[in-house]
Amino acid sequence: MLQKSAVINCELSLIDIFYIQLSARKYLLMDKIFKPKEIENKIYKNWEDQGLFKPVGKGPAFSMVIPPPNVTGILHMGHALNMTLQDTVVRYKRMQNFNTVWIPGTDHAGIATQNVVEKNLQQQNKSRFDLGRENFIDKVWDWKSEYGSRITSQIRKLGASVDWSKERFTMDQGCADAVKENFISLYNQKLIYRGSYIINWCTRCRTALSDIEVNHEDTKGSIWEIKYPYSDNEQESIIIATTRPETMFGDTAIAVHPDDHRYKNLDGKTVRIPCTNKHIPVIYDEHVDKDFGTGAVKVTPAHDINDFEIGLRHNLEQIKIMDEAGVMNNNVPEEFRKIDRYECRQKLIQSLQEKNYLLNTKDHSLAIGHCYRCNATIEPYLSNQWFVAMKKLAGPAIEAVKSHKITFTPKRWEKIYFDWMENIRDWCISRQIWWGHRIPVWYCNCSDEPVVSKESPDQCPKCQSSELTQDKDVLDTWFSSALWPFSTLGWPEQTKELKTYYPTSLLITAYDILTFWVSRMITIGLAQTKEIPFTSVYIHGLIRDSSGKKMSKSLGNAMDPLELIDEFGTDALRFSLASLSTMGGQDIKFSTEKIQACRNFANKIWNVSRYVLMILNEYEGKIDLDKVIIDDSHSHKWITSVFYSSLQEINKHYKTFNYALATELLWDFIWNNFCDWYIEISKIDKENALPVLVYLLVNIIKIMHPVMPFITEEIWQILLHSEKIDNLKSDHLITAQWPEEKTEAIDKTIEEEMNLIISIIRETRNLRKQVNIAPSKEINLILVASSKNQLSVLKRGKEYIYKLAKINKLDIMDRINEKPKQSSSSVLQNVQLFIPLEGLIDIKQEQDRLKKQLTKLEKELFQLNKKLLNQDFIKNAPDSVIEKNKNRQHNLNADKSLIEQQIRQLS
């Protein structure tokens, strides 16, 4: 009546609307359609305002840190997957009463953030050098204040239940203190040092990069064979092969293998570098690959890591021939100065050809390193940098995984980890940029020994001079990220949070930062806290498109998770991602079809809740959830048993990070067992079934909550306001108790019996459909059991068969002497089914219809068989077309057999 009056009277006052809404809430009227846009922001704000993400459980501690996204970041599908998997575990643990904390934060992303701000300055025709260091850093902080919350607001859209009161930033004061403590501690242990070494240099970003910040791409290039004339006889030459001729001006030797018979008796020989008057020695070194090129290689110690090592062994000069921008310097002949390295290459090749030094040019494929941020080609470059002595630190980190103090899931990632750690090189941690943690080192002219200090020293401890200069470099972004599990908990202070939540319980991350981040957290965590940073690591795959290709804007196959949320809702996106995440951690092929199916699943949950609440409105009594008794009804015992069987398996799969199987069980129980079958069965006796329906609905939304938090919380809030339900016990589903396992409620015998009954009903419906019996018509059904036990089961389930298969007369027997004439039949689990058709359909008309259908089918099958026997067709047609025709042939043969069977049954 309230709804009707609201439609008739279009001029309702505000007070009228208030009472209508209040009454609607009282009678639990739910919207016909679930509208995620209208509830998600409201629900998340309520969770956050009520402080429900903070630790509330009284059980053991469970802690996680979010892999901090870059402050410059925008939510992508990788974030969506990672946040979904993390949040599912956190909500699961919170509902199990663990003392749960999940710490959020963002990474200052040194190079990436500086690049963003520099690009903004370029639009004003300015550079960072125009502003100066301090003003530029202020500019970056301003940018962070304006845009830094973008990624965190997008994380909220995903429903991530992180404790925002503990939010951190890798350059906040606490993290800055931790970074300084870590640097000084390692320096004092001689585990941080400064040295001149070949590093990966980005000529665009003008900074050093660590090995794992370089992306290698297979590239088609060339190899040039060049003649270096002997100093004492320029008519003869040694021929070298190189992929980088422009570096020849930095050559300080030619190296050959001591066992290469082609180059015997070259001791003391020198050669002249082409296009110069510079003479360099020929040396022997076992590093040289005799089979590469001519077996003779140029040695450029300042521009190649292997040449650098050869140079150290032979005390060779180190000559840099380009500046930090990749422009050739004064160490090259004048005609090649002040031009880019690649322009120099082209100009040099031309000169070598003209002067007859270039012997040959061959195509050659090689892996070229590129900057992971700007994609510029990396230049191996000799530079003074700061390094962490990782080789000395790696041992305990390797042992922690070998001894299973830290477990990796999937286990196969251990091999990648061990390969990396056992062959690790020292970590270059200095970066020639301005945004980041500045290296806490000062220099005085009185000594080469630096002053390492947390605070800026007032004077030099040796000469008392106040003229101290701080190191201009900043630390690698990953240097602060390596401290994340314990710096976020207050380290180096021994805080209550650190004592309670460290080591953290679990890290969930993608495999692409296993070496960037995971290995370094383990290494530094053990070095500074003497404890592992986490006990478990779940390593998931990457999101790819439906064909398995990497998602990227340039390929046009990237999906925006925010757009998907807007169209389908957050719950549908989360469930689809979780359902594709296996324990094996394989890459995920994602498509919109998957998320559409998951939206339909969310609607199914909404609609079944509406149905249960509609019945509840008509119920005269009150349902106490603590006193719901599962009576002797087969259907009640069956659905309860299936629920608790599913719960056991879901718990097991969550513990092993098999999200795909956990969500498959949720889908199967809710859609197939509860919605498709138990709801139908419950209609036979609604009043007696209602307490079980409500009990199961409450538990269903509990077990669905970790992966679909919004729709389940909304349904919970509606249930909470019902006057007909007692003992929900929690004002919010997010903090409600996870259902306890009840092995005593599991009865596999009843599950098998009801599965047989359901299968009989389903098969009966199929038979009706096959012979075109109108859904409204009641039929006679004969069931013939194969054993006494089966006979008993069928008799116990006869009420369900009567009602759900629309039966007029049901005969259940253990034998039959003669098959009923003109009947549709089937066999299922050794039970014979017969539906006598006389009086239900026009037998002759149905026979004629089937025969016409068969004739048409046989004509198509004849043509198809003819085509597949044609060798020209098989030879010339694409494989996909042949496969399509074979599939059609298979389906037509199956249809033909079925129609022929139906015709026989009608005879």
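Values in this document were obtained by computation on a predicted structure and should not be read as measured data. (Residues numbered from 1 in each chain as written. Predicted model: local features only at pLDDT ≥ 70, side-chain atom pairs only at ≥ 80, totals over all residues. Heavy atoms only, no water.)

What follows deals with the sheet that holds strand β18 (residues 441-444). Paired through their backbone hydrogen bonds, the strands of a sheet run either parallel or antiparallel. Pairing is antiparallel in the open sheet, where three strands are placed in the order β19-β18-β20. The open sheet is flanked by β19 (447-452) and β20 (469-470), the only strands paired with a single partner. Note that β18 and β20 share two bridges and pair antiparallel. Counted as the bridge partner of Trp 442 is Gln 470 from β20. (Pairing = 2+ DSSP bridges. Helix = DSSP H or I, 4+ residues; strand = E, 2+ residues; numbered from the N terminus.)

This brings us to the sheet that holds strand β31 (residues 831-836). Read across the sheet, four strands follow the order β29-β28-β31-β30 without closing on themselves; strand pairing throughout is mixed. Looking at which strands have only one partner, the edges of the open sheet turn out to be β29 (807-813) and β30 (823-828). When the angles between neighbouring strand axes are averaged without regard to direction, this sheet yields 15 degrees. On top of the sheet, helix α26 (residues 788-796) reaches β28 (779-784), β29 and β31; it is set at about 160 degrees to β29, its chief contact. (Axes fitted to C-alpha atoms, helices over the stretch in contact; angles between N-to-C directions. Contact = heavy atoms within 4.5 Å.)

Between helix α25 (residues 748-770) and α26, the least distance of the axes is 10 Å, while the angle of their chain directions is 70 degrees. In terms of orientation, α25 and α26 fall into the roughly perpendicular class. The handedness of the crossing between α25 and α26 is right-handed. Of α26, the residues touching α25 (which contributes Glu 753, Leu 756, Ile 757 and Ile 760) are Gln 790, Val 793, Leu 794 and Arg 796. In terms of residue class, the contact of α25 with α26 is made up of five nonpolar, one polar and two charged. (Parallel < 35°, antiparallel > 145°, perpendicular 65-115°, else oblique. Left-handed = near helix turned anticlockwise from the far one by under 90°. Nonpolar A, V, L, I, M, F, W, Y, C, P; charged D, E, K, R; others polar.)

Applying the stated criterion to the full structure yields 41 aromatic pairs. Here Phe 129 and Trp 434 contribute two aromatic rings whose centre-to-centre distance is 5.4 Å and whose plane-to-plane angle is 75 degrees, an arrangement assigned as edge-to-face. Placement of the pair is Phe 129 in helix α6 (residues 128-131) and Trp 434 in the loop between β17 (430-431) and β18, with a sequence separation of 305 residues. Using a relative accessible area of 57% as the deciding quantity, one classes Phe 129 as exposed. Residue classification places Trp 434 among the buried residues on the basis of a relative accessible area of 14%. With a centroid separation of 6.2 Å and 15 degrees between ring planes, the pair formed by Phe 601 and Trp 671 is classed as stacked. Residue Phe 601 is found in helix α20 (residues 592-618), and its partner Trp 671 is found in helix α22 (residues 659-682); the two are separated by 70 residues along the sequence. Trp 671 sits in the partly exposed class, given a relative accessible area of 21%. Taken together, the ring pairs in this structure connect Tyr 92, Tyr 538, Tyr 654, Phe 657, Tyr 659 and Trp 738 into an aromatic cluster. The ring of Phe 169 has Lys 144 lying over it, and the distance from NZ or CZ to the ring centre is 4.3 Å. Above the face of the Phe 418 ring, Lys 402 is positioned so that its terminal group lies 5.6 Å from the ring centre. (Phe/Tyr/Trp six-rings, centres within 6.5 Å; stacked < 30°, edge-to-face > 60°. Buried < 20%, exposed > 50% of the residue type's maximum accessible area, 1.4 Å probe, protein only. Lys NZ or Arg CZ within 6 Å of the ring centre and 35° of its normal.)

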